[in-house]
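# Reading the structure
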Amino acid sequence: MAVLWKSQGLFCRGTVCYCVWDPVDGKEYVLKDCWVAEAKRYHEVDVLEMVKGIPNVVQLVDHWDVLFDGEPDCTARIRDGYGILPEDRPDKRFINRYHWRLLLTPCGDPLWHFSSRKELICAFRDFVVGIGYFIDFDHASIMKEGETFTISFGTGTVPYISMRILKTMSKNADILKKSKMSINAKKNSINTNSIAQLKLVEHNPSDDLESLFYIFFEFVSKYGGAHGAVAPTWDKTTMPWADAYENLGATSGLLATFLAKKGAMSESDILIDRVSDYFSEFKPIIDEWRTRIYRMESNLDRAIFHDHIFQMLGKFIMKLNDETATPLPSPVAPPGAPPGAPPTAGPSLHRSLRLSTLAGRT
């Protein structure tokens, strides 16, 4: 079992994703271990059932509660174990979370396993070719046919949401706050005037292309070498909108993140100065992509589309020199392992062994 990804935030879902193998047929799966809010306990499973069978979309194999003393594990039980009754809890914002696991297929390699700079940017170009959407089913909203979507808190990863959507969501949050309207479905008091003022949040291709830029910028800032080597200049404050990570799911973070992005995208050097030395050759493409987004947000240019970014990336890739791929570390047997025991070195080893196996088949 190898760790593919794990959450670093203190107030998040404590998610850890593992690559696991079936000992019978050797097939790989993703095991997602997380703590899900009680109100959305089955939400991701429901969405995955809806998209079952769609090509190129992750498929749900199984799901279950993690049990403790024969009962579903949850944070309320942990608190109860310390004798803290709900009415005595000083923090009224407490959310009960259930310990939940999902088994998914297929299992790919983390993007930070890139072996060269050219391989990484070609992967981002391929994302554009696919004309796909970045979807976290745990954050997705379910709408019935004919319904329109106006506002939802926490249905996206704030650091990567486009400025246009952030601004609209922030305005809607202010409208609801001023009208003191509750979004609790159990309450029947609805301010129809406030509902009429809410702006429709529509998702356009340009929003995904802007989100892709934020992901790309994070990669060229964070990594200082192939296979996930972190740049010595990196820390969590490197991203100009770093505070968004501390406000995931909070409406107060929407406006702050929008303003941080708006300011950073308006000045070339704010982003360029944060690119790692390893990716210094990528500074021109960062600046060109940033400029396109800023001009669109400032209504100086029309919306950007997949063809625009595909051509931009393609021209840049053509100018890049080929480089020798950085080899993965040689696998080593764990200390004290008996002779013939399989070597272990985490996810990178898993990838190297799989590539070696595939190479042996050709």
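Refer to the preceding data block for the structure.
Residues numbered from 1 in each chain as written. Predicted model: local features only at pLDDT ≥ 70, side-chain atom pairs only at ≥ 80, totals over all residues. Heavy atoms only, no water.

### Comments concerning the overall build of the chain
Within the chain, the regular secondary structure consists of 11 helices and seven strands. When contacts within the chain are restricted to residue pairs at least 6 apart in sequence, those whose partners lie at least 24 apart make up 67%. With an accessible surface of roughly 21200 Å², the chain has 55% of that area assigned to carbon and sulfur atoms. (Helix = DSSP H or I, 4+ residues; strand = E, 2+ residues; numbered from the N terminus. Contact = heavy atoms within 4.5 Å. Areas by Shrake-Rupley, 256 points an atom, 1.4 Å probe, with all protein chains shown as cover.)

### What to know about the sheet that holds strand S4 (residues 59–65)
Taken in spatial order, the five strands of this open sheet run S1-S2-S3-S7-S4, and their pairing is antiparallel. Lying at the two open borders of the sheet, with one neighbouring strand each, are strand S1 (2–6) and S4. Strand-to-strand, the axes of this sheet are offset by a mean angle of 25°, without reference to chain direction. Against the sheet, helix H1 (residues 43–50) touches strand S3 (28–37), S4 and strand S7 (97–105), its axis set at about 25° to S7. (Pairing = 2+ DSSP bridges. Axes fitted to C-alpha atoms, helices over the stretch in contact; angles between N-to-C directions.)

### Examining the side chain of serine 116
Mapped onto the fold, serine 116 is located in the loop between S7 and helix H3 (117–130). For serine 116, the residues in contact, after removing those within four places along its chain, are Ala226, Tyr278, Glu323 and Ala325.

### Brief notes about the pattern of salt bridges
Throughout the structure, instances matching the rule amount to 11 salt bridges. Between aspartate 33 and arginine 101 there is a salt bridge; the shortest N-O distance is 2.6 Å. Highlighted residues: aspartate 33 in strand S3 and arginine 101 in strand S7, separated in sequence by 68 residues. Under the relative-accessibility criterion, arginine 101 is labelled partly exposed at 27%. Across the salt bridge formed by lysine 118 and aspartate 322, the nearest N and O atoms sit 2.7 Å from each other. You can see lysine 118 sitting in helix H3 and its partner aspartate 322 sitting in the loop between helix H10 (306–319) and helix H11 (346–361), a full 204 residues away along the chain. (Salt bridge = Lys/Arg side-chain N within 4 Å of Asp/Glu carboxyl O. Buried < 20%, exposed > 50% of the residue type's maximum accessible area, 1.4 Å probe, protein only.)

### Points about the packing of aromatic side chains
Counting across every chain of the model gives 17 aromatic pairs. On the numbers, 5.2 Å between centres and 50° between planes, the contact of phenylalanine 279 with phenylalanine 282 is tilted. For phenylalanine 282, a relative accessible area of 0% corresponds to the buried category. In this arrangement the basic side chain of lysine 261 is found over the ring face of tryptophan 241, its NZ or CZ atom lying 5.9 Å from the centre. (Phe/Tyr/Trp six-rings, centres within 6.5 Å; stacked < 30°, edge-to-face > 60°. Lys NZ or Arg CZ within 6 Å of the ring centre and 35° of its normal.)

### Some thoughts on the side chain of glutamine 59
Structurally, glutamine 59 can be placed in strand S4. Only 2.8 Å separates the side chain of glutamine 59 from the backbone nitrogen of glycine 53, close enough to count as a polar contact. Once you skip the residues sitting within four places of it in the chain, glutamine 59 turns out to touch Val51, Lys52, Gly53, Ile54, Leu103, Leu104 and Thr105. (Polar contact = N/O pair within 3.5 Å; in protein donor to acceptor, adjacent residues only side chain to side chain.)

### Digging into the environment of alanine 37
Counting through the fold element by element, alanine 37 comes out in strand S3. Between the C-alpha atom of alanine 37 and that of arginine 13, which follows or precedes it by 24 residues, the distance is 8.3 Å. When neighbours within four sequence positions are excluded, alanine 37 is seen to be in contact with Ile95, Asn96 and Arg97.

### Quick word on the packing of helix H6 (residues 205–222) against helix H9 (residues 283–297)
Relative orientation and spacing of two packed helices are given, respectively, by the angle between their axes and the distance between those axes. Two elements in contact, H6 and H9, have axes separated by 11 Å at closest approach and are oriented at 145°. In this structure, H6 meets H9 at a crossing whose hand is left-handed. For the pair H6 and H9, contact is made by Ser206, Leu209, Glu210, Leu212, Phe213, Phe216, Phe217 and Val220 and by Ile285, Ile286, Trp289, Arg290, Ile293 and Met296, respectively. (Left-handed = near helix turned anticlockwise from the far one by under 90°.)

### Structural notes on the pairing of S7
Within S7, eight of the nine residues are buried, which leaves the element mostly enclosed by the surrounding structure. Judged from the six bridges that link them, S4 and S7 form a sheet pairing that is antiparallel. The partner of glutamine 59 across the bridge, within S7, is threonine 105.

### With respect to unusual backbone geometry
The amide bond that connects threonine 105 to the next residue, proline 106, takes the cis arrangement and shows omega of 0°. Within the element layout of this structure, proline 106 appears in the loop between S7 and H3. The backbone of aspartate 69 shows a phi angle near 55°, a positive value even though the residue is not glycine. In this fold, aspartate 69 is placed in the loop between strand S5 (67–68) and strand S6 (71–72). On the basis of relative accessibility, which here comes to 66%, the residue aspartate 69 falls in the exposed class.

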